[in-house]
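Residue-level structure breakdown
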Amino acid sequence: MTNIEKYNKIFMDVLGVKEAVLNNEFTFKAVPQWDSVAHLSLISELEDAFDIMFESEDILHYGSYENGKKILGKHGVKL
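So, a few notes on the structure that sits alongside this text. (Residues numbered from 1 in each chain as written. Predicted model: local features only at pLDDT ≥ 70, side-chain atom pairs only at ≥ 80, totals over all residues. Heavy atoms only, no water.)

A few words now on the pattern of salt bridges. Per the counting criterion, the structure on display carries 3 salt bridges. Across the salt bridge formed by D13 and K9, the nearest N and O atoms sit 2.6 Å from each other. With D13 and K9 both in helix α1 (residues 3-15) and 4 residues apart, the pair spans about one turn of that helix. By relative accessible area, D13 is classed as exposed at 51%. By relative accessible area, K9 is classed as partly exposed at 36%. The partner of E66 in a salt bridge is K69, and the shortest N-O contact between them spans 3.3 Å. Within this pair, E66 and its partner K69 are both found in helix α4 (residues 65-74), separated by 3 residues, close to a single helical turn. (Salt bridge = Lys/Arg side-chain N within 4 Å of Asp/Glu carboxyl O. Helix = DSSP H or I, 4+ residues; strand = E, 2+ residues; numbered from the N terminus. Buried < 20%, exposed > 50% of the residue type's maximum accessible area, 1.4 Å probe, protein only.)

Laid out in structure tokens, this is it:
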């Protein structure tokens, strides 16, 4: 499984969405089920899958699918 496949699968599993909706418009504000509990689950799953540890600032700014890619890149994950 590629990194982008892992990334997408985590979003789909945690938030219960289809891969087709994962795009630039996919933000926590636009997704009702992306609440604080889902956010922490998403962060935890991403940390486990990519063997990284997010900084507090990363967690606070991880509010969109696209921004998440940039944050992962900062930690050396190529998507």
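Let's pick the thread back up.
Moving on to the nonpolar core. One finds F11, F26 and Y62 to be the most contacted residues of the largest nonpolar core, which totals 21 residues. Of all the elements in the fold, those that place two or more residues in this core are α1, α2 (36-50) and α4. Leaving out residues up to four positions away in the same chain, Y62 has contacts with Y7, F11, W34, H39, I43, L46, F54, N67, G68, I71 and L72. (Core = buried A, V, L, I, M, F, W, Y, C linked by side-chain atoms within 4.5 Å. Contact = heavy atoms within 4.5 Å.)

Let's shift gears to α1. Between its first and last C-alpha, α1 extends 18 Å over 13 residues, near the 18 Å set by a 1.5 Å rise per residue. Here the buried face of α1 lies against α2 and α4. In the stretch just after α1, G16 is the one whose phi turns positive, near 65°. (Expected span 1.5 Å × (residues − 1).)

Turning to its location among the elements, I43 is positioned in helix α2. Residues I43 and E25, spaced 18 residues apart in sequence, show a C-alpha to C-alpha distance of 19 Å. If we skip the residues at most four places from it in the chain, I43 touches F54, I59 and Y62.

Okay, the packing of aromatic side chains next. One pass over the structure, following the stated rule, counts 7 aromatic pairs. Judged by centre distance (6.0 Å) and plane angle (75°), the ring pair of F11 and F26 falls under edge-to-face. One end of the pair, F11, is in helix α1; the other, F26, is in the loop between α1 and α2, with 15 residues separating them in the sequence. Ring plane angle 80° and centroid distance 5.3 Å describe the contact between F11 and Y65, whose orientation is recorded as edge-to-face. Pair noted here: F11 is in helix α1 and Y65 is in helix α4, with a separation of 54 residues, a long-range link. As far as the burial class goes, F11 and Y65 line up, both buried. Linked through ring pairs, Y7, F11, F26, W34 and Y65 together constitute an aromatic cluster. (Phe/Tyr/Trp six-rings, centres within 6.5 Å; stacked < 30°, edge-to-face > 60°.)

Just geometry here; none of it tells us what the structure is for.
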